[in-house]
Amino acid sequence: MNETPQPPEPGATSGPPGGEAYPLSFDVPYPDRDLNRVSTGFRVFAAIPIAVVLAVVGGGVGWGPVRYGSAAGILFIPALLMILFRQKYPRWWFDWNRELLRFSNRVGAYLLLLDDRYPSTDEQQYVRLELEYPNVASDLNRWLPLVKWFLAIPHYVVLLFLDIGVLFAVIGAWFAILFTGRYPRAIFDFVVGVMRWSNRVAAYAFVLVTDRYPPFRLAP
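Note that the coordinates shown come from a computational prediction; the quantities given were computed from them, not determined experimentally.

Thoughts on the pairing of strand E2 (residues 128-131)
Residues of E2 alternate between two faces, with Leu129 and Leu131 buried on one and Arg128 and Glu130 left unburied on the opposite face. In this structure, strand E1 (residues 24-27) lies alongside E2, joined through four bridges in antiparallel fashion. By the bridge assignment for E2, Ser25 is matched with Glu130.

Have a look at this one:
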């Protein structure tokens, strides 16, 4: 049985950015072009139909299951029980969770003005999210899913403050796009970094595909 990984000590780092890749990768390419100002100006209203679809399918709107109640659509309890008692993670459950994450992130990226193309319900489009399918018997500790949500509490606290920063950053980006047509690169990278961080926490604590504790960083 694998040893139970522990969260890092306060102030500890999670390894250099150039180290081993985390089992979840996330990116949104920077739109090096003028964005649609009309679409940006009325984004909240334009996103209502696709947000309703996401709410029906996934139980909420956000960019990961620790966001805005979107955990409802993630197969968390069933996956936990299968890992605990059978040491299995059915592939179709994994595919469902991955595709729901992708869809949720597309809607989230659209609401955060990262692109002006309307979110698709099935195509990846501009959001790049990949998960590594785990070999449960060798990669996962069968007991750890019982406490992962608790071990991730430090991340919830940090992400709460980062979300406040994202709110103000996106308001600034909204004005910048309306006046210049461009999303400021520094703000773009910050927003994508927070989304990446959130998705790593989701992969660890709710999607349960890895026992590696998420790094405390925005970068890949």
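Concerning the packing of aromatic side chains
This model, assessed by the stated rule, comprises 12 aromatic pairs. With 5.4 Å between their ring centres and 80° between their planes, Tyr204 and Tyr213 make a pair best called edge-to-face. An identical accessibility class is assigned to Tyr204 and Tyr213; each is buried. An aromatic cluster is built from Trp197, Tyr204, Tyr213 and Phe216, whose rings are joined through pairwise contacts. Note that Arg43 overlies the ring of Tyr110, its terminal NZ or CZ placed 4.1 Å from the centroid. Lying across the ring of Tyr204, Lys148 places its NZ or CZ 5.2 Å from the centre.

Cut-off values and rules
Residue positions are given per chain, counting from 1 as you read along its sequence in written order. Owing to the predicted nature of the model, reporting of local features is limited to residues with pLDDT of at least 70; listing and counting of side-chain atom pairs is limited to 80 or more, with chain, interface and lining totals taken over all residues. Side-chain figures throughout are based on the complete set of non-hydrogen atoms in the structure, without hydrogens or water. Only protein chains enter the area calculation, which uses a 1.4 Å probe; residues under 20% of their type maximum are buried, those over 50% are exposed, and those in between are partly exposed. Only DSSP runs of H or I covering at least 4 residues are called helices, and only runs of E covering at least 2 are called strands; the numbering of each starts at the N terminus. Pairing between strands is defined by DSSP: at least two bridges between them are needed. Stacked, edge-to-face and tilted are the three classes for Phe, Tyr and Trp ring pairs, Trp counted by its six-membered ring, which pair at centre distances within 6.5 Å; planes under 30 degrees apart are stacked, over 60 edge-to-face, the rest tilted. By the criterion adopted, a ring carries a charge over it if an Arg CZ or a Lys NZ lies within 6 Å of its centre and within 35 degrees of its normal.

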